[in-house]
Amino acid sequence: GEDVEQSLFLSVREGDSSVINCTYTDSSSTYLYWYKQEPGAGLQLLTYIFSNMDMKQDQRLTVLLNKKDKHLSLRIADTQTGDSAIYFCAERADKLIFGTGTRLQVFP
Amino acid sequence: EPEVTQTPSHQVTQMGQEVILRCVPISNHLYFYWYRQILGQKVEFLVSFYNNEISEKSEIFDDQFSVERPDGSNFTLKIRSTKLEDSAMYFCASSPQEGGSNQPQHFGDGTRLSIL
């Protein structure tokens, strides 16, 4: 069945780059998404990538897509303490299938 | 920027009671969704709704659950005979177009449902 997997934790120093990885199974996904969830808050859409692209850059965010390996990554440049949150990748747009979420902790 | 709003932010209910969770989707959106996140687990799809009827529902969305768009702005999730395991964060989402577009789903802040 459809599944999305992520590593559970990532800890980085402020100012460094963060890379959050995701693998998915549904090769028919037209778009793949990254959502951010801060403590006690909802799911905020960060960015998305069309499946025929292999990279998308949006300010400090870079999304890389390896469709052959079904691997998606989110790079956050110059990570700040305000980036501390849980990051979810998701596939399929009609009913989103979410990964487990990666908890990013940024320390000074 | 328009946003999806959900009320209440926290609902505490006795087991066996019925609850109604409310959502106001973004005004020009046509597709509506409910998701659930049990504490420490993945966000799970419950149901999608379009043109006043359910488009798709998951295995979780059994007869205990129902959705309704009672007027032009609200979208509700009703849970009957609540059980302890219904305790979760419930998220509403909406999108202007059908899935697979560059118009992703936008989520509300969620309602935390606690069943005692």
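Values in this document were obtained by computation on a predicted structure and should not be read as measured data.

### Remarks on the interface of chain B and chain A
Next, step 1: Counting from both sides, the interface comprises 17 residues of chain B and, opposite them, 22 residues of chain A.
Next, step 2: Between chain B and chain A the total buried area reaches about 1700 Å² when both faces are included, carbon and sulfur atoms providing 58% of it.
Next, step 3: The tally of links from chain B across to chain A stands at two salt bridges.
Next, step 4: Note that A:Lys95 and B:Glu56 form a salt bridge whose closest N and O atoms lie 3.2 Å from each other.
Next, step 5: For the interface between chain B and chain A, the tally reads seven residue pairs in polar contact (both at pLDDT 80 or more).
Next, step 6: Among the elements of the structure, strand 4 (31-37) and strand 5 (43-50) of chain B are those that each provide at least two residues to the side of chain B that touches chain A.
Next, step 7: Among the elements that make up the side of chain B that touches chain A, the one with the highest residue count is strand 4 of chain B (three residues).
Next, step 8: For the side of chain B that touches chain A, the residue count by class is seven nonpolar, seven polar and three charged.

### Points about the state of the cysteines
Residue and element names in this part refer to chain A.
Next, step 1: The full count for this structure, using the stated rule, is two disulfides over all chains.
Next, step 2: With its sulfur 1.8 Å from that of its partner, Cys-22 forms a disulfide with Cys-89. On the S-S bond that ties Cys-22 to Cys-89, the torsion sits near 70°, and the link is right-handed. Note that Cys-22 is positioned in strand 3 (residues 18-24) and Cys-89 in strand 9 (residues 85-91), a separation of 67 residues in sequence. Just as Cys-22 is buried, Cys-89 falls in that class too.

### Brief notes about the pattern of salt bridges
Next, step 1: Scanning all chains against the criterion turns up six salt bridges over all chains.
Next, step 2: For A:Asp83, the salt bridge identified is with A:Arg60, shortest N-O distance 2.9 Å. Residue A:Asp83 is found in the loop between strand 8 (71-76) and strand 9, and its partner A:Arg60 is found in the loop between strand 6 (55-58) and strand 7 (61-66); the two are separated by 23 residues along the sequence.
Next, step 3: A relative accessible area of 33% means that A:Arg60 is categorised as partly exposed.
Next, step 4: Here B:Arg36 ties to B:Glu44 by a salt bridge, and the two come within 3.4 Å at their closest N and O atoms.
Next, step 5: B:Arg36 sits in the buried class, given a relative accessible area of 9%.
Next, step 6: By relative accessible area, which is 25% here, B:Glu44 ends up partly exposed.

### Brief notes about the sheet that holds strand 3 (residues 19-24) of chain B
Residues and elements named next belong to chain B.
Next, step 1: Spatially, the four strands line up as an open sheet ordered 1-3-8-7, and their pairing is antiparallel. The sheet is open, and its two edges are formed by strand 1 (5-7) and strand 7 (65-68), each paired on a single side. Neighbouring strand axes in the sheet, compared pairwise and without regard to direction, differ in orientation by 20° on average.
Next, step 2: The pairing of strand 1 with strand 3 spans three bridges and is classified as antiparallel. The residue of strand 3 that forms the bridge with Thr-7 is Arg-22.

Conventions used here
- Residues numbered from 1 in each chain as written.
- Chains lettered and ligands numbered in written order.
- Predicted model: local features only at pLDDT ≥ 70, side-chain atom pairs only at ≥ 80, totals over all residues.
- Heavy atoms only, no water.
- Contact = heavy atoms within 4.5 Å.
- Buried area = accessible area lost by both parts, 1.4 Å probe.
- Salt bridge = Lys/Arg side-chain N within 4 Å of Asp/Glu carboxyl O.
- Polar contact = N/O pair within 3.5 Å; in protein donor to acceptor, adjacent residues only side chain to side chain.
- Helix = DSSP H or I, 4+ residues; strand = E, 2+ residues; numbered from the N terminus.
- Nonpolar A, V, L, I, M, F, W, Y, C, P; charged D, E, K, R; others polar.
- Disulfide = S-S within 2.5 Å.
- Buried < 20%, exposed > 50% of the residue type's maximum accessible area, 1.4 Å probe, protein only.
- Pairing = 2+ DSSP bridges.
- Axes fitted to C-alpha atoms, helices over the stretch in contact; angles between N-to-C directions.

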